[in-house]
Amino acid sequence: MLDFNTHDLSELVGTLIDTALEREAALLPPRAYLGASSLGEDCARRLQFQFFDAPKDIGRHVPGRVLRVFARGHRVEDWMADWLRQAGFDLRTRNERGEQFGFSTAHGRVRGHVDGVIVAGPDTFRYPMLWETKAVGAKTYRELQKKKLAASRPVYATQVALYQAYLGLHEHPALFTAICADDMEIYAERVPFDRGLAQRASDRAVQILRACDAADLLPRISTTPTHQTCRNCPWQDRCWALPS
């Protein structure tokens, strides 16, 4: 129970909000499928834990502050959609049933939901084209500018390739946009379809699902729990307590 008389007001309000957000997040139903947004991640074993909705290590839940960052990202992405429409792009984010565009394969065990499809607009682009957007920090934004999507953010690039493949939007390059959350600068890149990347990601999904069905643990990404990917994993303790 918080003492309203002794806590700093900013800390108090922030704690109340974060507690409410964490409580709401805990009530969300588990995602019992492999998502296209994660198939480009390094560690296949982590994706197994995610697929099975394995309990996270104690203290490894997503804190309220991070949930607020996620919420900001969703709002910024909505703004970007509105700005593209104002700029003359015919952007569709929902189908005729009001559902988000997406795909489902492997009996629903691999799925993805796209940000949108642009069907018409300025003459400098070719349509229809997939649209994906992210809200990013200044460091990621600079990396995108310097290296472009595939080299700087392979997880995002894999996501785009899978969407282009499964939604039949591979004929024309996708439009990838990113907004720097620090100063609202906009990054935009045409992303041609990478057939090889899409195939490798699809094959990886099959490999992970087969291992899950057989109750086989796939190899860890590293030989030490101090590896950066392991340190940031919500299943680090559980993973390293199991056989390699």
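Please read all numbers here as calculations on a predicted model, not as lab measurements.

Asker: Any chance you could explain the overall build of the chain here in plain terms?
Answerer: In terms of regular secondary structure, the chain is built from eight helices and eight strands. Its C-alpha atoms give the chain a radius of gyration of 20 Å, within 12% of the compact-globule value 18 Å for 244 residues. Each principal axis of the C-alpha distribution contributes one length, and for the chain these read about 60 × 50 × 40 Å. Taking all contacts inside the chain whose residues are at least 6 apart in sequence as the whole, residues at least 24 apart take part in 66%.

Asker: Before we go on, may I ask you to explain the pattern of salt bridges in this structure?
Answerer: When charged atoms on two side chains of opposite charge get close, those side chains can pair. Per the stated rule, a full pass over the model turns up eight salt bridges. Across the pair Glu96 and Arg97 runs a salt bridge, and its minimum N-O distance is 3.5 Å. Taken as a pair, Glu96 and Arg97 share a single burial class, namely exposed. Of the charged contacts in the structure, one is a salt bridge between Arg97 and Glu99, with a shortest N-O distance of 3.1 Å. Overall, Arg97 belongs to the exposed group, its relative accessible area being 57%. Here the residues in one salt-bridge network are Glu96, Arg97 and Glu99, joined through shared partners.

Asker: Explain the nonpolar core here, please?
Answerer: Considering soluble globular proteins, one finds that nonpolar side chains tend to be buried as a cluster. Core analysis: the largest hydrophobic core is formed by 37 residues, its most contacted members being Leu34, Leu39, Val110, Leu130, Leu149, Phe176 and Ile208. Every element with two or more residues in this core is listed here: helix 2 (44-51), strand 6 (129-136), helix 4 (138-152), helix 5 (154-166), strand 7 (174-180), strand 8 (186-191) and helix 6 (195-213). The dominant element in this core, judged by the number of residues it contributes, is helix 6, at eight residues. Membership of the second largest hydrophobic core comes to 12 residues, among which are Met80, Phe89, Tyr127 and Ile179.

Asker: Any chance you could explain a nonpolar patch on the surface here in plain terms?
Answerer: Taken together, the side chains of Trp79, Trp83, Met184 and Ile186 present a nonpolar region at the surface, about 370 Å² in accessible area. Note on placement: Trp83 falls in helix 3 (residues 64-86). Here Trp83 falls in the partly exposed class, since its relative accessible area comes to 33%.

Asker: Hey, could you run me through the packing of aromatic side chains in this one?
Answerer: The description of an aromatic ring pair uses the distance of the two centres, along with the angle that the planes make with each other. Summed over the entire model, instances satisfying the criterion amount to eight aromatic pairs. Consider the rings of Phe103 and Tyr166, whose centres lie 4.5 Å apart with planes at 5°: the pair is stacked. Separated by 63 residues along the polypeptide, Phe103 in strand 3 (residues 102-105) and Tyr166 in helix 5 bring together distant segments of the chain. Measuring from ring centre to ring centre gives 6.3 Å for Tyr156 and Phe176, while their planes differ by 35°; the resulting arrangement is tilted. Highlighted residues: Tyr156 in helix 5 and Phe176 in strand 7, separated in sequence by 20 residues. Judged by its relative accessible area of 22%, Tyr156 falls in the partly exposed class.

Asker: Would you mind going over the state of the cysteines with me for this structure?
Answerer: By definition, a disulfide links the sulfur atoms of two cysteine residues through a covalent bond. According to the stated counting rule, one finds zero disulfides in the structure shown. Unpaired in terms of disulfides, Cys212 finds its nearest cysteine sulfur in Cys43, a separation of 12 Å. Its sulfur unpaired, Cys230 is 6.4 Å from the next cysteine sulfur, which belongs to Cys239. Given the relative accessible area of 8%, Cys230 is considered buried.

The rules we used
All residue numbers here refer to positions counted from 1 along the written sequence of the relevant chain. Reporting in this predicted model follows two pLDDT cut-offs: at least 70 for local features of residues, and 80 or more for side-chain atom pairs to be given and counted; totals over whole chains, interfaces and linings ignore these cut-offs and use all residues. The basis for the side-chain values is all heavy atoms of the structure; hydrogens and waters are excluded. Numbering of helices and strands runs from the N terminus, with a helix taken as a DSSP run of H or I at least four residues long and a strand as a DSSP run of E at least two residues long. For this measure, only C-alpha atoms enter the radius of gyration; the expected value for a globule follows 2.2 Å times N^0.38, where N is the number of residues. Note on definitions: a residue-residue contact is assigned when non-hydrogen atoms from the two residues lie within 4.5 Å. Salt bridges are identified by distance alone: a Lys or Arg side-chain nitrogen within 4 Å of an Asp or Glu carboxyl oxygen. A simple rule labels every residue: compare its accessible area, found with a 1.4 Å probe on the protein chains alone, to the largest value its type can have, and call it buried under 20%, exposed over 50%, or partly exposed in between. Buried Ala, Val, Leu, Ile, Met, Phe, Trp, Tyr and Cys residues that are joined via side-chain atoms within 4.5 Å together make up what is termed a nonpolar core. Like charges are joined within 9 Å and nonpolar side chains (Val, Leu, Ile, Met, Phe, Trp, Tyr) within 5 Å, but only among residues with over 30% relative accessible area and no salt bridge; these make up the patches. Calculation of accessible area relied on Shrake-Rupley with a 1.4 Å probe; when residues are assessed, cover is drawn exclusively from the protein chains displayed. Pairing of aromatic side chains requires ring centres within 6.5 Å, counting the rings of Phe and Tyr and the six-membered ring of Trp. Pairs whose planes differ by under 30 degrees are stacked, by over 60 edge-to-face, and all others tilted. Working definition: a disulfide is two cysteine sulfur atoms within 2.5 Å of each other.

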